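Examination of the molecular architecture
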Amino acid sequence: MAQAEAMRLALARKSSVGRVEVAATAAQARALLPALQPDAAVVAFRLADGTVFDLQGALGAVPAIVAVPAGDEGVAAQALHAGFADYVIQDASLGYLQVLPAQVDAAYERACIRLLGQKAEYALLRQHRLLQAVSSAQAAFIGSSGDPHAPFRTLLEHLLDLTGSVSGFMVAVPGPEGAAVRVEALAGVAGGPGSWPAAEGADYQPMPDTPCGQALHSGLPQVSGAQCMQLALPIVLAGQPCAVVVLAGNPQGYGAEDIEFLQPLQAFLAQLVQARRTDAERLRVQRQLRETSELLAQKSGALELTLESMTQGITNVDAEGRIRVYNRRYLELLNLPESLLTTQPWAEEVMRLQTERGDFGPGFERIELPARDYVVDAYAAHGNKMCMPDAYLRRTLAGRMLEVRTRMLPTGGRVRTFTDVTDYIEAQEALRQNEARWRSLTSLSADWYWEQDECFRFVRFDGMIQRLPNGLAEGRYLGRACWELQDVRGITPEQWRIHQAQLAAHEVFSDFEMQHVAPDGSARWVSMSGEPIYDAAGHFTGYRGVGRDITERKKAEAQIQRLAFYDELTGLPNRRLLLDRLVQAVASSARRQRHGALLFLDLDNFKDLNDTLGHDWGDKLLVQVAARIGHCVRVTDTVSRLGGDEFIVLLEGLHAIEPEAAAEAEAVAQKMLAALNQVYLVDGNELYSTPSIGITLFRDAAMPVDELLKRADLAMYQAKAAGRNTLCFFDPRMQATVSARSALESDMRQGLQRSEFLLHYQPVVDVDARILGVEALVRWNHPMRGMVSPAQFIPLAEQSGLILQLGQQVLRAACAQVVAWSANPATAQLTMAVNVSAREFRHPDFVQNVLAAIESTGANPQRLKLEITESMLLTEVEDIIAKMNALRTRGIGFSLDDFGTGYSSLAYLKRLPLDQLKIDQSFVRDVLADPNDAVIARTIVALAHSLGLDVVAEGVETEGQRVFLVDNGCHRFQGYLFGRPVPVEQLAI
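Definitions and limits used
- Residues numbered from 1 in each chain as written.
- Predicted model: local features only at pLDDT ≥ 70, side-chain atom pairs only at ≥ 80, totals over all residues.
- Heavy atoms only, no water.
- Helix = DSSP H or I, 4+ residues; strand = E, 2+ residues; numbered from the N terminus.
- Rg over C-alpha atoms; globule rule 2.2 N^0.38 Å.
- Buried < 20%, exposed > 50% of the residue type's maximum accessible area, 1.4 Å probe, protein only.
- Contact = heavy atoms within 4.5 Å.
- Areas by Shrake-Rupley, 256 points an atom, 1.4 Å probe, with all protein chains shown as cover.
- Lys, Arg positive; Asp, Glu negative; His and termini not counted.
- Charge placed at Lys NZ, Arg CZ, Asp CG, Glu CD.
- Axes fitted to C-alpha atoms, helices over the stretch in contact; angles between N-to-C directions.
- Parallel < 35°, antiparallel > 145°, perpendicular 65-115°, else oblique.
- Nonpolar A, V, L, I, M, F, W, Y, C, P; charged D, E, K, R; others polar.
- Pairing = 2+ DSSP bridges.
- Core = buried A, V, L, I, M, F, W, Y, C linked by side-chain atoms within 4.5 Å.
- Expected span 1.5 Å × (residues − 1).
- Arc of directions from axis to C-beta.
- Salt bridge = Lys/Arg side-chain N within 4 Å of Asp/Glu carboxyl O.
- Disulfide = S-S within 2.5 Å.

Remarks on the overall build of the chain
For the chain, the count of helices and strands is 30 helices and 38 strands. For a compact globule of 989 residues, the expected C-alpha radius of gyration is about 30 Å, and the chain comes in at 66 Å, more than 25% above that figure. Projected onto its principal axes, the C-alpha positions of the chain cover 190 × 125 × 65 Å. Scored against the burial criterion, the 989 residues of the chain give a buried share of 42%. Summarising the internal contacts of the chain: among those between residues at least 6 apart in sequence, 55% fall at separations of at least 24. In the form shown here, the chain has an accessible surface area of approximately 51,500 Å², with 54% of it arising from carbon and sulfur atoms. In the chain, which carries 93 positive and 118 negative side-chain charges, the distance between the mean positions of the two groups comes to 3 Å.

In structure tokens form, the structure reads like this:
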């Protein structure tokens, strides 16, 4: 290490030496050399980890001097032979350090001289190869026929080889005026670094920050990247960059020597680009000339074809007056011989031919008047002294109308066209007539026509609007849109918005209704319909349509609306409007969590009043009832009439708590009861009528309105059942009763179809208990319910109308039994009593039905007795007497059942064709205990005897009752004492 330090100091003192580094071992030296890249090296022959020969590979081209210890001079010779630059003998006195710096300089100089020689030789070789590349490119340019990129590609491939590049491309500007850059050549590995062109001949737009873009912009060579991995060499022509050669992929990078080496190539490439441009321009001119020639030929052919296919006749007259060009349509329209036109005649010759053969008419009247003088002058003077009209009409001998138009040419000639406008003229005439017809129709029609511009302002009115009453004149509307009119009413802002949106969308609209108020304050309703107008280009130009005065229709609609939703008699909302309001009220109550109430009001015994006093009085009473109910409720409540004597009151906004709401509803109902119990004055007469009111509350939106009405109806019937003239709230138990009634009615209908009804018979006896006859009593043997009591199904049959069908079955069964008994002498004289309801008796076909049952069964009518009740005699007495007489003449007898329980006028009673009175069992039951019942029974017996009628006591159950009745003159009985109602098989005869 002492020797090494001495060498370092000796070399450091040398002024030409800038830096000296020391490595103690061969390993250290190998690590230090790549980074240091020294100009020269001094290496001891023997090292701690080897010899100088171990470092020869790492030293490479660095000139090295071997330090050999004294006595090892033979080793120095080996070192020189191995390629080391020199050696120095290390003496103990260190004298070799005096000459060592000079030896180092000498070794370095010899190495530099050798390197320069190698570089010069390499440069000459590259220049030679560069010239070969230029020659190859020239040969490719001369020999390239179909590939314009071949010369540039050939040159580029040589450049890759000369510069050690992996890939490259060349781009060129097609011409001085061209902004686009085109790829002229690609070589080497496809897809180089960065933005690389895709294909030869394609347009290429280099990025401004790439070497290619910078070279095109500045005209100076560019090297990119820290590793100098890309070189862009611009080619300048006439002071402007015309092309760029880009090389990439040299592992050693690119530097100034590469730019200098390629510099001679720039002039050749500039010439090559210029030649390429010139060749391209020549080809472009040739192509353009060829295309122009082809286009000219096409246009000439197209012109000839166009002339021949034109619907117009056409001529071209030169400045001298000769017809140079014409088409076949010209010959056809004017009926001219083609032989005349092929000689290019004077225009006056053609006119003379037409004149002499009479084409223009004897007085030229076939020519339109403004042009007639010109044609006459042209024929007479042959000089066209008069001014030539631009256009005129003429008629041919065939009656066709031609339009002749003339256009002067700058050369002094003229082009004249002949168009057959016969259809157009006829269409114009038809249009004129249609316009006249249209104006006539609009003036006579109740509608009017209108137009608007593109801003929806009225610009035209035709027709009835001028004659509308109340000053609705068109002048008030012209220049304004509908929504700008001050006198328009009856349209909500939402309706205006929708209408304006329709107009903005250019949609068709129909029946847009508005109300116009005239200056005198009167109003007229108008309906408008319109559609958009478009011009020939499809541009929107406005609207047109019709308007109509619909005032009378609106009045009729209002009347229809009232008839549809209001009761004609009372003016109250009807059922339809009530249901609509009820739906809204239910939803509102649920939303606001407030109760509402429905009051069902029915007048008590209104039918009797209507039947006895007449419908006129009944209607007047209903009007007063409606007025009184209206005075009992708030403005927000609804009073409606369902029909007949039924009214519905809808109360809204009641208390949220049910008991409080019920109290409020009851207060209103009590107010109604008090008001309706007051006396009514009808035509000066005092009438009285009371209501029954059913009430139901609601707050649940899920409750159907039909169910609410049903509940209120049930509550009303409950009020009637409670004695009338009262109110009753809905009870769910009523619903169960109604459901049971409905189920029973359904079963009853099926029972009638399945013949489930049968007859039981109760005997009627004399004083000696001999059977004189029987009363037929209907029974129902239900397959599931068993034997159903008449008290359950007879009232239901009366209410539902099934009593008519049931009565027919009972009557026929009874008649059939009479026929069966008639075959037995022991029973042949028995009478058959059958109960008849008031509804059956009032039926128009009652007499015919009874007679039909007798005739179909063959029963003896004298054995049949029909039992009627006193309640039947309250109304239509004359009709009842007539029906009874009609049946009496056929031998049928009548019995007045339950006598004493109803109201019977003795005047009517003596007129009725009765055979028998029956004392009701309610009097017989207590005849021994109640003196009043005893008196009534004696009176009925005495009355019957005085009228010559038989009397039968019903409900006789004890011997004491029988004895009392016998003592008082009653000798016929019916009751449990003599037998219960039983089937015919169990009847003891």
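After that view, the rundown keeps rolling.
With respect to the packing of helix α6 (residues 150-163) against helix α8 (residues 256-309)
Two elements in contact, α6 and α8, have axes separated by 12 Å at closest approach and are oriented at 170 degrees. Put simply, α6 runs roughly antiparallel to α8. In this structure, α6 uses Pro151, Phe152, Leu155, Leu159, Leu162 and Thr163 to contact α8, whose residues at the interface are Phe261, Leu262, Leu265, Phe268, Leu269, Leu272, Val273 and Arg276. Partitioned by chemical class, the residues of the contact of α6 with α8 number 12 nonpolar, one polar and one charged.

Describing the sheet that holds strand β1 (residues 41-44)
Taken together, the three strands give an open sheet; going across it, the order is β1-β4-β5, and neighbouring strands pair in parallel fashion. Edge positions in the sheet fall to β1 and β5 (86-90), since each of these pairs with one other strand and no more. For this sheet, the mean inter-axis angle between neighbouring strands, taken without regard to orientation, is 25 degrees. Those strands touched by helix α4 (residues 73-82) are β4 (64-69) and β5, and its axis lies near 165 degrees from that of β5.

A short note on the nonpolar core
Leu806, Met832, Phe841, Leu866, Leu887 and Leu914 are the most contacted members of the largest nonpolar core, which has 74 residues in total. The element that contributes the greatest number of residues to this core is helix α23 (residues 803-822), accounting for eight residues. The residues contacting leucine 806, other than those within four sequence positions of it, are Met748, Leu752, Phe757, Val778, Phe793, Ile794 and Ala797. The next biggest cluster of nonpolar side chains, apart from the first, holds 34 residues, and it includes Phe606, Leu673, Ile695 and Leu727.

Regarding the pairing of strand β13 (residues 323-326)
Residues in a regular strand project their side chains so that they alternate between the two faces of the sheet. Where strand β12 (residues 313-317) and β13 come together, three bridges link them in antiparallel fashion. Each bridged residue has a counterpart across the sheet, and for threonine 315 the counterpart in β13 is tyrosine 326.

Things to note about the sheet that holds strand β24 (residues 638-643)
The five strands are arranged β24-β25-β23-β28-β29 in an open sheet whose pairing can be described as mixed. Every interior strand has two partners, whereas the edge strands, β24 and β29 (727-729), have only one. Each strand axis lies, on average, 20 degrees off the axis of its neighbour in the sheet, ignoring direction. Where strand β23 (residues 595-603) lies against strand β28 (residues 691-698), eight bridges are found, and the strand directions are antiparallel. What sits directly across from leucine 601, in β28, is isoleucine 693.

Focus on the environment of methionine 7
Assignment of secondary structure puts methionine 7 in helix α1 (residues 2-12). Along the chain, methionine 7 and aspartate 602 lie 595 residues apart, while their C-alpha atoms are 141 Å from each other. Apart from residues no more than four positions distant in its own chain, methionine 7 is found in contact with Val42, Ala67, Gln90, Tyr96, Leu97 and Leu100.

Section: the environment of aspartate 567
Its location among the elements puts aspartate 567 in the loop between α15 (551-565) and α16 (575-592). The contact partners of aspartate 567, leaving out residues within four places of it in the chain, are Leu572, Pro573, Asn574 and Arg641.

Notes on unusual backbone geometry
In this structure, glutamine 344 is a non-glycine residue whose phi angle is positive, near 50 degrees. Note on placement: glutamine 344 falls in the loop between α10 (338-341) and α11 (347-356). Taking the relative accessible area as the measure of exposure, glutamine 344 reaches 29% and is therefore partly exposed. Positioned with a positive phi, arginine 724 is a non-glycine residue whose angle comes to about 70 degrees. With respect to the element layout, arginine 724 can be found in the loop between α20 (705-721) and β29. What makes arginine 724 partly exposed here is its relative accessible area of 36%.

Quick notes on helix α25 (residues 846-857)
For α25, spanning 12 residues, the distance from its first C-alpha to its last is 17 Å, which sits close to the expected 16 Å at 1.5 Å a residue. For α25, the complete set of buried residues consists of Phe846, Val847, Val850, Leu851, Ala853 and Ile854. Along α25, the residues classed as buried sweep out an arc of 155 degrees about the axis, all on the same side. Looking at the buried positions of α25, the neighbouring elements they touch are α23, α24 (838-842), β34 (864-869) and α26 (877-888). In the segment just after α25, glycine 858 is the residue with positive phi, at about 80 degrees.

Considerations on the pattern of salt bridges
Summed over all chains, the structure comprises 38 salt bridges. Glutamate 513 serves as the salt-bridge partner of arginine 553, at 2.4 Å between the closest nitrogen and oxygen. On the criterion of sequence distance, the pair formed by arginine 553 in helix α15 and glutamate 513 in strand β20 (residues 509-517) is long-range, its members being 40 residues apart. Arginine 641 is paired through a salt bridge with aspartate 567; the nearest N and O atoms lie 3.1 Å apart. In this pair, arginine 641 is assigned in strand β24 and aspartate 567 in the loop between α15 and α16, connecting sequence segments 74 residues apart. Each member of the pair arginine 641 and aspartate 567 is classed as buried. Put simply, Glu775, Glu867, Lys918 and Glu954 are held in one network by salt bridges that share partners.

Observations concerning the state of the cysteines
Covalent bonding between the sulfur atoms of two cysteines is what defines a disulfide. Using the criterion set out here, one finds zero disulfides in the structure. Here cysteine 455 stays unpaired: no disulfide links it, and the sulfur of cysteine 482, its closest cysteine neighbor, is 14 Å away.

Coordinates in, geometry out; function isn't part of it.
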